Amino acid sequence: VSVAGFHKELGGFLEESTLPVPGVVIIPAGNVLDGNVVAADTPTNVDFLDTRQRNGLSGSISGAEIAFQKTFDNGFGGIINYTYVTSTQDDAPVGDLGFNGFTPHTLNLTGFYENDRLSARVSYNFRDGFLVREDDVQSEPRQRESFGQVDFSASYELTDQFQVFVEGLYILNEDTRDFSRFSNRVLEYTRVGARYTAGVRAKF
């Protein structure tokens, strides 16, 4: 069993943001602009979307973590890990959503079995909703709903040199949803489906 606490002071948090950058493009002669065919190459003012790492606000991050791991005499065992994180930004404007990527609640559950030849484990990982990017499309935030996924892996030692294995990710067909300032403003829905891998490993 372990318990840990932490606190970090940030002088300027680096975060990814998307901001409009003014520019000019040339519309070639013969193309349509505002419903009219242009007779000559015509410069037009546009805003490009520039996504990059930028300096953010200063602030602090605090949190606590508790973990428990137990292995029984029969080879079975389990691991539980929970983390809580809170953050504060200095001089943040009204409506600011905090630091990018910080999740208040994270939970990991793992069950496993080990013996001389066989190794198997199944894991559930949960992440609470969090801010992906403060400034995204149209300078609005991008947030991600809370989600969890179940994965498993197993391997068997055929000999001292050869091992067969199988792995599975997102085995319950979990999905993720990104939304803007409000949850009904869906920006992206991702469902990759369950993915399985099987193979043989060799060492010499």
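Calculation criteria
- Residues numbered from 1 in each chain as written.
- Predicted model: local features only at pLDDT ≥ 70, side-chain atom pairs only at ≥ 80, totals over all residues.
- Heavy atoms only, no water.
- Helix = DSSP H or I, 4+ residues; strand = E, 2+ residues; numbered from the N terminus.
- Rg over C-alpha atoms; globule rule 2.2 N^0.38 Å.
- Buried < 20%, exposed > 50% of the residue type's maximum accessible area, 1.4 Å probe, protein only.
- Contact = heavy atoms within 4.5 Å.
- Lys, Arg positive; Asp, Glu negative; His and termini not counted.
- Charge placed at Lys NZ, Arg CZ, Asp CG, Glu CD.
- Salt bridge = Lys/Arg side-chain N within 4 Å of Asp/Glu carboxyl O.
- 1 Å grid on protein atoms, 1.4 Å probe; cavity = no way out; pocket = protein on both sides within 12 Å on 5 of 7 lines; lining within 4 Å.
- Points joined across faces, edges and corners; volume = space filled by probe spheres on them.
- Nonpolar A, V, L, I, M, F, W, Y, C, P; charged D, E, K, R; others polar.
- Pairing = 2+ DSSP bridges.
- Axes fitted to C-alpha atoms, helices over the stretch in contact; angles between N-to-C directions.

Asks: How would you sum up the overall build of the protein chain? Please name residues and give values.
Replies: On a plain count of helices and strands, the protein chain comes out with zero helices and 16 strands. Taken against the 2.2 N^0.38 rule, which gives 17 Å for 204 residues, the C-alpha radius of gyration of the protein chain at 25 Å runs more than 25% over that of a compact globule. When its C-alpha atoms are laid out on the principal axes, the protein chain stretches across 80 × 45 × 35 Å. In the protein chain, which comprises 204 residues, the share counted as buried stands at 25%. Considering only contacts in the protein chain between residues 6 or more positions apart, those separated by 24 or more positions represent 60%. A gap of 6 Å separates the mean positions of the 17 positive and 28 negative side-chain charges of the protein chain.

Asks: How would you sum up the pattern of salt bridges? Please name residues and give values.
Replies: Oppositely charged side chains can form a pair if their charged atoms are brought close together. In the structure shown here, the tally under the stated rule is seven salt bridges. One salt bridge in this structure joins glutamate 140 and arginine 181, with 3.2 Å as the shortest N-O distance. Of the two residues, glutamate 140 sits in the loop between β10 (130-133) and β11 (142-144) while arginine 181 sits in the loop between β14 (176-179) and β15 (186-190), which places them 41 residues apart along the sequence. What makes arginine 181 partly exposed here is its relative accessible area of 32%. Put simply, arginine 144 and aspartate 178 hold a salt bridge, and the shortest N to O gap is 2.7 Å. Within this pair, whereas arginine 144 is found in strand β11, its partner aspartate 178 is found in strand β14, the two being separated by 34 residues in sequence. Overall, the relative accessible area of 24% leaves arginine 144 in the partly exposed class. One network of salt bridges, with partners in common, ties together Arg142, Arg144, Asp178 and Glu188.

Asks: Which residues make up the layout of surface pockets, and what values go with them?
Replies: A volume near 210 Å³ is recorded for the largest pocket. Lining the largest pocket are 14 residues, with Ser87, Leu97, Phe102, Pro104 and Gly129 sitting closest to its centre. Going through the elements one at a time, β7 (76-89) and β10 are the ones with two or more residues in the lining of the largest pocket. The dominant element in the lining of the largest pocket, judged by the number of residues it contributes, is β7, at three residues. Among the residues forming the lining of the largest pocket, the class breakdown is seven nonpolar, six polar and one charged.

Asks: I'd like to hear about the sheet that holds strand β8 (residues 105-114), residue by residue, with values.
Replies: Pairing within the open sheet is antiparallel, and its eight strands lie in the order β1-β6-β7-β8-β9-β12-β13-β16. Lying at the two open borders of the sheet, with one neighbouring strand each, are β1 (2-10) and β16 (195-202). With direction set aside, neighbouring strand axes in the sheet form an average angle of 10 degrees. Alignment of strand β12 (residues 147-157) against strand β13 (residues 162-169), held across six bridges, turns out to be antiparallel. Across the sheet, residue tyrosine 156 finds its bridge partner in β13, namely valine 164.

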